[in-house]
Amino acid sequence: MGLLGVIAVPEDGEVELDLLIESVVEGLLVSGTAFAKVEGECSRCLEPLTDEVEVRITELYAWPDSTTDATTDEDEVSRIVNDLIDLEPVVRDAIVLALPQAPLCEPDCKGLCSECGGRWAELGPDHGHETIDPRWAALQERFSDDNSEEK
Ligand SMILES: [Zn+2]
Ligand SMILES: [Zn+2]
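Conventions we followed
- Along each chain, residues carry numbers from 1 onward, in the same order as the chain's sequence is written.
- The order in which chains are written sets their letters, starting at A; the order in which ligands are written sets their numbers, starting at 1.
- Note on the predicted model: pLDDT of at least 70 is required for a residue's local features to be given, and 80 or more for side-chain atom pairs to be given and counted; whole-chain, interface and lining totals, by contrast, use all residues.
- Side-chain metrics in this entry use all non-hydrogen atoms of the structure; hydrogen atoms and water are not considered.
- Think of it this way: any DSSP run of H or I at least four residues long counts as a helix, any run of E at least two long counts as a strand, and we number them from the N terminus.
- Partly exposed describes any residue whose relative accessible area lies between the buried limit of under 20% and the exposed limit of over 50%, with all areas from a 1.4 Å probe on protein chains only and scaled to the type maximum.
- For Na, K and Ca the donor cutoff is 3.2 Å, while for all other metals N, O and S atoms count as donors only within 2.8 Å; water does not appear among the atoms, so some sites may look incomplete.
- Donor angles set the geometry label: tetrahedral for four donors if every angle is between 85 and 135 degrees, square planar for four and octahedral for six if opposite donors exceed 155 degrees and the others are between 65 and 115, irregular for anything else.

The protein chain has the name Metal-binding protein in an unreviewed UniProt entry, where Lentzea waywayandensis is given as its organism.

Phi angles above zero are rare outside glycine, and Leu46 is one such case at about 65°. Position of Leu46 among the secondary structure elements: in the loop between strand S4 (27-41) and strand S5 (48-62). Overall, the relative accessible area of 47% leaves Leu46 in the partly exposed class. Of note in this structure, Asp65 is not a glycine but carries a positive phi near 70°. Relative to the helices and strands, Asp65 is located in the loop between S5 and helix H1 (67-71). The class for Asp65 is exposed, based on a relative accessible area of 76%.

Another point: the coordination of the zinc ion (ligand 1). Listed as protein donors to the zinc ion (ligand 1) are Cys42 (SG), Cys45 (SG), Cys105 (SG) and Cys109 (SG); their distances from the metal cover 2.2 to 2.3 Å. What the four donor atoms of the zinc ion (ligand 1) show is an angle range of 107 to 115° at the metal, which sorts the shape as tetrahedral. Along the chain, the residues that donate to the zinc ion (ligand 1) are spaced as C-x2-C-x59-C-x3-C. Here the residue Cys42 occupies a position in the loop between S4 and S5, and Cys105 occupies one in the loop between helix H2 (88-98) and helix H3 (120-123), the gap between them amounting to 63 residues. Given a relative accessible area of 0%, Cys42 falls into the buried group. The partly exposed category is assigned to Cys105, whose relative accessible area is 28%.

Quick look at the structure:
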């Protein structure tokens with residue numbers, strides 16, 4: 001679950017739930033927190049990263065034939081089906097909503113060098129590329145040819 005290729009709860013990841021289920025007139029009210037470790041990659045430098053999300057969950061599961069059942073659509077309010085409640089879609093949606101859209105390995109990640117694609121964190125502050133105007137590049141090549149002929 002999660003944003004594919006950006007950040008998600010890993011396949012074998014666990015979601016910890018700390019929920020309270022209360023019986024109310026219309027059904028069961030589930031409230032509490034869900035906690036999950038998520039894995040993804042930095043949106044600037046593409047380094048793998050892990051993060052944690054914790055979300056609050058409050059969800060009513062309506063009894064079949066209750067007023068809520070009769071007056072709402074299934075995608076508005078969850079239903080109790082065969083005396084069971086399905087937590088998965090509710091928890092999944094809450095976690096997906098809580099995931100950062102553009103996760104960063106560090107808050108001030110400097111990303112990648114646009115010339116060579118290296119990570120600024122590893123390249124260091126002195127890193128740079130001499131950008132030579134193509135016309136000058138041609139001249140420079142001629143000079144280096146002359147030098148080699150002299151030898
Ligand atoms: Zn980064
Ligand atoms: Zn570079």
